[in-house]
Amino acid sequence: MRAPAIIDPARRAAAALSAVAVLAVAGLAGLWSVRPPAAEPASAPATRFSAERAYRQVEAIATRPHPVGSAANDEVREHLLTTLRGLGLSPEVQDTVSIEGAGLSSSAGGTGLARVRNVVATIPGTGSTGRVLLVAHYDSVQAGPGGNDDAAGTSAVLETARALLAGPRLRNDVVLLLTDGEEACLCGAKAFVDQHPLARDGGVVLNLEARGSRGPAIMFETSKGNGGLVGAYAGTAKPVGTSFAVEIYRLLPNDTDFTPFREAGFAGLNAAYIDGAAVYHGPTDVPAAMDHDSLQHHGSNTLALVRELGGRDLGALKRTGGEDATYFPVPGMLVRYPGGLVRPIAVLAVVAVAALAWPARRQRLITTRRALIAGALTPAPIVLAALLAQALWYLLRLMRPAYAAMPIDPYRPGLYRLAVLFLAAAVVSGWFALLRRRLGPAALAIAGLGWLAVLGAVLAAFVPGGSYLAALPALAGALAALAAITTRGPLSVLAVTLGGAVATLILLPTIAMLFPALGLGMGGAGAFLAVLLGLALLPVIDLLHPRVGGQRGLEALRSRRLGALPTLAAVLAVLVCATAGLLTDRFDRDRPALTQLMYALDADTSTARWISDEPSVQQWTGRYVSGDRHRVDDTLPSFGPERVRTGEAPAAGLPAPRLTVESDTRTGDTRTLRLRLRPQRQVRLTTLHVGAGTPVESATVEGRSVPAREVTGRPWGWGFVFHAPPPDGVEVTLTLRGAGQAKFRVTDGSDGLSGLPGFRARPAGVGIVGSHTSELLAVAKTYTF
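Structure report, in brief. (Residues numbered from 1 in each chain as written. Predicted model: local features only at pLDDT ≥ 70, side-chain atom pairs only at ≥ 80, totals over all residues. Heavy atoms only, no water.)

Re the overall build of the protein
Test applied: Helix numbers and strand numbers start at the N terminus; a helix is a DSSP run of H or I with at least 4 residues, a strand a run of E with at least 2. Using C-alpha atoms as the atom set, the radius of gyration is obtained and then compared with a globule rule of 2.2 Å times the number of residues to the power 0.38. Residue exposure (1.4 Å probe, protein chains only): buried if accessible area is under 20% of the type maximum, exposed if over 50%, otherwise partly exposed. Residue contacts are counted whenever heavy atoms from the two residues lie within 4.5 Å of one another. Exposure was quantified through the Shrake-Rupley algorithm and a 1.4 Å probe, taking into account, for residues, occlusion by the shown protein chains and nothing else. For the purpose of charge, His is not counted, nor are the chain termini; Lys and Arg are scored as positive and Asp and Glu as negative. The atoms used to mark charge sites are NZ of Lys, CZ of Arg, CG of Asp and CD of Glu.
Each helix and strand in the protein was counted, giving 21 helices and 24 strands. Taken over the C-alpha trace, the protein has a radius of gyration of 29 Å; the compact-globule value for 785 residues is 28 Å, and the two agree within 12%. Counting only C-alpha atoms, the protein reaches 95 × 65 × 55 Å along its principal axes. Taken over 785 residues, the protein has a buried fraction of 58%. The contacts in the protein between residues at least 6 apart in sequence include a share of 80% that link residues at least 24 apart. Accessible surface, the protein: about 30,200 Å² in total, of which carbon and sulfur atoms supply 58%. If the 74 positive side-chain charges of the protein are averaged to one point and the 60 negative ones to another, these points end up 12 Å apart.

And the structure:
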């Protein structure tokens with residue numbers, strides 16, 4: 001806070017350079033804390049995790065797409081069984097039908113079910129107090145081979161098991177669960193939770209996922225009352241995670257295999273690496289796209305955590321509920337503290353900032369009026385930077401329309417992320433330069449810390465896991481400023497620099513994790529956190545400007561021009577980064593522009609149409625679809641109310657699924673029908689929906705009770721989506737209210753559009769988006785009984 005009192009320009013410049021150097025070191029250290037470790041070679045000791053050994057499994061698993069029920073998935077499963085037997089284990093296959101593990105298919109117009117085949121093996125402990133369940137899914141989406149999602153998790157489980165068996169036996173049982181049907185409906189995990197004997201007594205679940213091709217393995221989700229598990233995780237090879245990510249993930253409509261376990265009361269942690277998401281669920285998610293360092297991080301953390309949990313008494317750790325811990329990474333460790341300290345720390349930050357304002361006012365660094373005006377104007381850069389970041393992405397999409405179809409981020413988002421950070425820097429620097437002479441740097445700095453403290457208090461009340469992002473920088477900044485007020489010269493600069501270093505170490509790693517988590521489409525969130533960091537650094541930023549006061553005439557003009565240089569430099573950096581991003585992130589054969597297309601044949605009318613859910617129609621897709629987005633659930637009820645674009649297509653000679661009545665019983669005003677739905681071709685899924693005017697009182701599909709949810713406002717009512725249907729068809733028993741005729745709409749779906757009349761293969765540089773309906777070929781028919 002005393003930094004502005006340095007009058008000698010040379011000394012001020014030296015102080016500024018020294019402070020910037022310290023902050024640069026703190027920033028690099030913070031970024032290092034979320035960088036994955038180097039991959040270990042295949043020659044690593046047998047008791048260690050080796051990414052190169054695990055990668056051999058990735059290559060064996062992800063040779064081609066292998067969705068649930070496919071012949072390719074059968075081959076992967078046999079490979080897993082052979083590998084586990086080679087380790088001396090006795091794996092089993094849980095072959096069953098299961099209902100969905102979350103509302104994935106329900107949101108698309110029906111309850112999801114699947115026939116799944118989970119691979120289960122147990123490494124017995126010496127005196128087990130509970131089970132550690134190591135979970136990953138071995139199926140892929142239909143559009144891609146799943147080199148990362150989730151061959152990474154599956155291979156990490158296999159390599160972890162090998163390393164465990166090479167060392168001393170653990171106290172607790174370790175269950176290896178490689179699930180099936182995760183991509184379709186989470187049905188494999190749900191089947192294990194509901195039906196397998198090993199799930200009866202609960203346990204601690206460690207789920208391994210991937211939603212990209214690189215980056216650190218982040219522990220992003222936990223069960224409730226996570227303090228004990230976070231403490232165990234903190235002892236892993238390189239713990240990377242933040243309680244803020246847990247809070248955000250709980251608000252998002254996302255699910256993994258961890259969801260059925262969490263909903264069933266299991267304790268556990270969920271980890272994934274998420275950067276490089278352009279390959280997510282697409283044909284480019286091949287083994288070669290994987291960063292081996294990310295695989296190493298996934299595996300080494302998992303191995304260390306399993307060993308830690310394997311030696312503990314799991315009685316207390318298996319229990320869920322209670323308060324969550326706050327935690328975040330810093331170089332060399334995971335800082336963590338109980339949730340009960342969140343509100344006291346937030347209150348302490350508010351008190352510290354208020355305490356700072358008193359001596360600042362007594363020393364005439366601020367006035368009450370200037371402090372109030374500064375406080376009123378401080379939200380401006382927070383809001384403006386977020387809005388400008390969103391506007392930047394909008395402009396980039398206008399210049400590169402194919403970005404609209406990317407799942408999360410472009411192939412090379414790094415320069416665009418830097419542009420967002422420089423944009424936030426420009427906003428903070430410009431706001432500060434504009435107001436520092438009118439209001440004084442001390443008033444602006446205290447106002448910035450004040451807003452950080454207030455935000456920390458608000459988050460403590462509503463999103464406690466994220467409160468540390470504002471409360472701790474505010475507390476550190478206020479204490480540093482108090483020290484700066486009571487000292488002079490270099491010690492004053494040192495104090496505010498250390499306060500800024502604390503803020504940098506706390507906020508910068510979270511910013512680095514947040515960008516790939518939310519993508520550039522929500523770049524405003526990254527800009528928001530960057531502005532918070534900028535507010536915490538205002539005393540240091542002031543060193544980059546000429547001193548306030550004493551200048552007149554040309555000297556004052558020169559001072560204002562020098563004060564504008566940081567802002568102009570940041571704006572120039574935005575333009576350079578955005579332009580360089582456009583020049584370097586071009587689409588080609590290896591990084592194609594993504595398109596989405598499917599084909600639907602209505603057997604009732606012998607008509608067909610192309611369908612695409614692209615937000616804006618790409619040039620290639622425009623050959624097939626056009627016009628405004630509209631609903632298609634009149635003929636394709638499994639789509640639900642989703643709005644898509646369509647175009648007329650030649651009708652292919654494909655057989656429709658067959659629905660037959662095996663029994664029909666009427667009792668009063670109810671009617672019980674036993675039906676069999678048989679696809680007449682090789683398909684990945686089949687669906688059935690009942691006419692909207694026929695209420696369903698109860699339903700059973702392949703022996704599994706399915707909720708008879710009432711559906712309103714749609715052309716068709718209750719229905720289901722069955723993935724990997726059995727060869728002899730799907731048996732359905734329905735109890736309907738009303739004894740009159742009932743109408744049914746059935747659909748089946750296979751993968752691949754090549755060979756269809758009117759379809760032309762995509763040229764080089766045009767690829768397939770990772771959508772569950774990409775390349776879907778659907779045939780639908782109506783039956784009335």
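From this point, the discussion proceeds with the structure in view.
Notes on the pairing of strand S17 (residues 685-691)
One face of the sheet, then the other: side chains in a regular strand alternate in exactly this way. Selection criterion: If DSSP finds at least two bridges between two strands, the strands pair.
The buried count for S17 comes to 7 of 7 residues, which makes it a mostly enclosed element. Sheet topology note: the S17/strand S20 (residues 716-723) ladder contains 6 bridges and is antiparallel. Counterpart to Thr687 in the pairing with S20 is Val721.

What about the pattern of salt bridges?
This is how it is decided: Salt bridges are identified by distance alone: a Lys or Arg side-chain nitrogen within 4 Å of an Asp or Glu carboxyl oxygen.
All chains considered together, the criterion is met by 30 salt bridges. Taking the shortest distance from any N to any O, the salt bridge between Arg131 and Asp201 comes out at 3.8 Å. Of this pair, Arg131 sits in strand S3 (residues 131-137) while Asp201 sits in the loop between helix H6 (187-195) and strand S5 (204-210), and the two are 70 residues apart along the sequence. Looking at Arg131, the relative accessible area reads 17%, which means it is buried. Residue classification places Asp201 among the exposed residues on the basis of a relative accessible area of 55%. The salt bridge partner of Asp634 is Arg609, with a shortest N-O separation of 3.7 Å. Pair noted here: Asp634 is in the loop between strand S13 (626-631) and strand S14 (643-649) and Arg609 is in strand S12 (residues 607-612), with a separation of 25 residues, a long-range link.

Thoughts on the packing of helix H16 (residues 441-462) against helix H17 (residues 468-486)
The description of two helices packed together rests on the angle between their axes and the distance between the axes. Quick reminder of the rule: Only the stretch in contact is used when fitting a helix axis, every axis being a line fitted to C-alpha atoms; angles between N-to-C directions are given from 0 to 180 degrees. Handedness of a helix crossing follows the sense of rotation of the near helix relative to the far helix, less than a right angle counterclockwise being left-handed and clockwise being right-handed. Three residue categories are used. Nonpolar comprises Ala, Val, Leu, Ile, Met, Phe, Trp, Tyr, Cys and Pro, charged comprises Asp, Glu, Lys and Arg, and polar comprises the others, including Gly.
For the pair H16 and H17, interaxial distance at closest approach is 7 Å and the crossing angle is 145 degrees. Where H16 crosses over H17, the two elements pack in a sense that is left-handed. On H17, the residues that touch Leu449, Leu452, Ala453, Leu455 and Gly456 of H16 are Ala470, Ala471, Pro473, Ala474, Gly477 and Ala478. Classifying every residue of the contact of H16 with H17 gives 9 nonpolar, 2 polar and no charged.

Quick notes on the pairing of strand S4 (residues 173-179)
For S4, the buried fraction is high: 7 of the 7 residues fall into the buried class. Here S4 shows a buried face lined by Asp173, Val175, Leu177 and Thr179 and a second buried face lined by Val174, Leu176 and Leu178. Two strands pair when backbone bridges link them, and strand S2 (residues 111-123) and S4 are joined in this way by 5 bridges, in the antiparallel orientation. Bridge pairing in S4 links Val119 to Leu178. Inspection of the sheet shows S3 paired to S4 by 7 bridges, in the parallel sense.

Regarding the side chain of Arg53
Convention followed: N or O atoms within 3.5 Å of each other form a polar contact, as long as, within protein, one can give a hydrogen and the other can take it, and as long as residues adjacent in sequence are counted only when both atoms are side-chain atoms.
For Arg53, the location among the structural elements is in helix H2 (residues 51-61). Arg53 sits in the buried class, given a relative accessible area of 13%. Reaching out from Arg53, the side chain makes a polar contact with the backbone oxygen of Arg48 at a distance of 2.9 Å. Apart from residues lying up to four places away in sequence, Arg53 is in contact with Ala42, Ser43, Ala44, Pro45, Ala46, Arg48, Glu159 and Arg162.

Notes on the packing of aromatic side chains
Selection rule: Any Phe, Tyr or Trp ring, taking Trp's six-membered ring, that has another such ring centre within 6.5 Å forms a pair; planes under 30 degrees apart are called stacked, those over 60 apart edge-to-face, and the others tilted. Note on criteria: charge over ring means Lys NZ or Arg CZ within 6 Å of the ring centre, with the direction from the centre no more than 35 degrees off the ring normal.
Scanning all chains against the criterion turns up 17 aromatic pairs. Ring centres of Trp393 and Tyr403 lie 5.5 Å apart, and the angle between their planes is 15 degrees; this geometry places the pair in the stacked category. Of this pair, Trp393 sits in helix H14 (residues 379-399) while Tyr403 sits in the loop between H14 and helix H15 (414-439), and the two are 10 residues apart along the sequence. A relative accessible area of 10% places Trp393 in the buried class. Three or more aromatic residues joined by ring pairs form one cluster here, namely Trp393, Tyr403, Tyr411, Tyr416 and Phe587. Here the basic side chain of Lys238 rests over the ring of Trp32, its NZ or CZ set 3.9 Å away from the ring centre. Here Lys781 stacks its cationic end above the ring of Tyr783, 5.5 Å away from the centre of that ring.

With respect to the environment of Arg200
Secondary-structure assignment places Arg200 in the loop between H6 and S5. Sequence separation of Arg200 and Leu317 is 117 residues, and the distance between their C-alpha atoms is 16 Å.

Things to note about the nonpolar core
Defined as follows: We call a set of buried residues a nonpolar core when its members are Ala, Val, Leu, Ile, Met, Phe, Trp, Tyr or Cys and they connect through side-chain atoms within 4.5 Å of each other.
Core analysis: the largest hydrophobic core is formed by 90 residues, its most contacted members being Tyr468 and Leu538. Tallying contributions element by element places H15 first for this core, with 11 residues. Among residues more than four places away in sequence, those in contact with Leu538 are Val428, Trp431, Phe432, Leu444 and Ala445.

A closer look at helix H12 (residues 342-362)
Spelled out, the test is: The span one expects for a helix is its residue count, reduced by one, times 1.5 Å. This arc describes the spread of directions from the helix axis toward the C-beta atoms.
In this model, H12 (21 residues) spans 31 Å end to end at C-alpha, consistent with the 30 Å of a helix rising 1.5 Å per residue. Among the residues making up H12, those that are buried are Val342, Ile345, Ala346, Ala349, Ala352, Val353, Leu356, Pro359 and Ala360. End-on, the buried residues of H12 take up no more than an arc of 150 degrees, which puts them together on one face. Exposed and facing more than 90 degrees away from the buried side of H12 are Arg343, Val347, Trp358 and Arg362. Taken together, the buried residues of H12 touch strand S8 (326-330), strand S9 (333-337), H16 and H17.

Observations concerning helix H19 (residues 523-536)
Between its first and last C-alpha atoms H19 spans 20 Å; for 14 residues at 1.5 Å apiece the expected length is 20 Å, and the two agree. Of all 14 residues in H19, 12 are buried, a share of seventy percent or more. Listing the buried residues of H19 in full gives Gly523, Gly524, Gly526, Ala527, Leu529, Ala530, Val531, Leu532, Leu533, Gly534, Leu535 and Ala536.

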